[in-house]
Amino acid sequence: MHVVKELWEYREMTANLVKRDLKSRYKGSVLGFFWMFLNPLLQLAVYTVVFSTIMKMGIDRFYLFMFVAFVPWLFFSTCLSSGTTVVFAQQDIVKKIYFPREVLPLAFTLSQFINMLLSFLVIFAVVAVSGVVINPLALLWLAPVMLVEFVLALGTTLLVSALSVYFRDMEHMMGILSMAWMYLTPVIYPVDMVPEQYQYLLYLNPMTSITVAYRDILYYATAPQAETLLHAAVCAGVVLAGGQAVFCRLKRHFAEEL
């Protein structure tokens with residue numbers, strides 16, 4: 001509760017860091033913020049060509065099947081891999097002034113979350129073009145699913161940002177882990193493609209439940225199963241608690257290590 005109180009007191013600093021990150025991300029580029037929409041579309045195009053033409057998946061409207069899971073995955077993946085640089089990027093202010101260090105991973109995660117929300121405008125456009133009729137009742141579940149993923153991503157960012165201050169190889173390790181993790185998450189394939197006796201292992205991955213929930217809402221136009229969302233929420237809560245515990249223990253010596 002002390003951390004939450006401090007974060008609330010420094011909410012303006014968090015907001016300013018988020019604004020600065022969003023403004024600087026595409027500063028100087030010709031297309032600017034348009035890249036926020038173009039990046040996922042281009043990656044979608046590549047995967048669609050590969051898995052619909054070359055390595056055929058046999059899934060109806062595969063582009064939509066993948067896209068509704070791929071954009072949320074990009075959000076989590078960025079927090080996992082780029083979250084390692086969060087403290088390093090702000091090392092000057094970490095060394096000079098006091099503020100709750102949790103502001104840095106929180107601002108980074110919020111920035112990436114806003115980026116995902118804007119990308120969802122593209123998802124809704126693709127859904128509309130594909131002819132899928134969105135179920136309004138199912139759509140009500142979208143906000144809780146997003147919240148669960150945000151909690152998971154924040155916990156992950158807290159963990160990797162703290163560890164990377166002490167273990168500099170984390171940045172490279174998380175890049176490789178992110179790539180492997182994607183193939184252990186049903187982003188480009190359905191869960192039932194995995195043999196039934198091994199599916200429980202797939203659900204040990206918290207992103208599996210989150211991905212299935214997004215796909216239920218936006219591809220199958222149905223509400224996600226309660227146990228799926230509950231499993232994801234429990235996993236996200238555990239990761240957040242663990243990430244905060246590690247961050248709280250290691251943040252005391254950030255200035256010395258930097």
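Look a little higher up for the structure.
Remember, predicted model here, so these are calculated numbers, not experimental data.

What counts and how
Residues numbered from 1 in each chain as written. Predicted model: local features only at pLDDT ≥ 70, side-chain atom pairs only at ≥ 80, totals over all residues. Heavy atoms only, no water. Salt bridge = Lys/Arg side-chain N within 4 Å of Asp/Glu carboxyl O. Helix = DSSP H or I, 4+ residues; strand = E, 2+ residues; numbered from the N terminus. Buried < 20%, exposed > 50% of the residue type's maximum accessible area, 1.4 Å probe, protein only. Disulfide = S-S within 2.5 Å. Polar contact = N/O pair within 3.5 Å; in protein donor to acceptor, adjacent residues only side chain to side chain.

Caption draft 1: Broad picture of the pattern of salt bridges. If you walk through the whole model with that rule in mind, you get one salt bridge. Across the pair Glu102 and Lys251 runs a salt bridge whose closest N-O atoms are separated by 2.9 Å. Note that Glu102 is positioned in the loop between helix H6 (91–96) and helix H7 (103–130) and Lys251 in the loop between helix H13 (226–250) and helix H14 (254–257), a separation of 149 residues in sequence. Given a relative accessible area of 3%, Glu102 falls into the buried group.

Caption draft 2: Looking closely at the state of the cysteines. Overall, the coordinates contain zero disulfides when judged by the stated rule. Sulfur of Cys235: no disulfide; nearest cysteine sulfur belongs to Cys79 and is 17 Å away.

Caption draft 3: Representation of the environment of Asn39 within the structure. With respect to the secondary-structure elements, Asn39 resides in helix H3 (residues 35–54). Separated by 80 residues in sequence, Asn39 and Ser119 have C-alpha atoms that sit 9.3 Å apart.

Caption draft 4: Unusual backbone geometry, seen in detail. With phi around 55°, Ala221 is a residue other than glycine that occupies positive phi space. For Ala221, the position within the fold is in the loop between helix H12 (206–218) and H13. Overall, the relative accessible area of 18% leaves Ala221 in the buried class.

Caption draft 5: Local environment of the side chain of Ser119. Within the element layout of this structure, Ser119 appears in helix H7. Judged by its relative accessible area of 3%, Ser119 is buried. A distance of 3.0 Å separates a polar side-chain atom of Ser119 from the backbone oxygen of Asn115.

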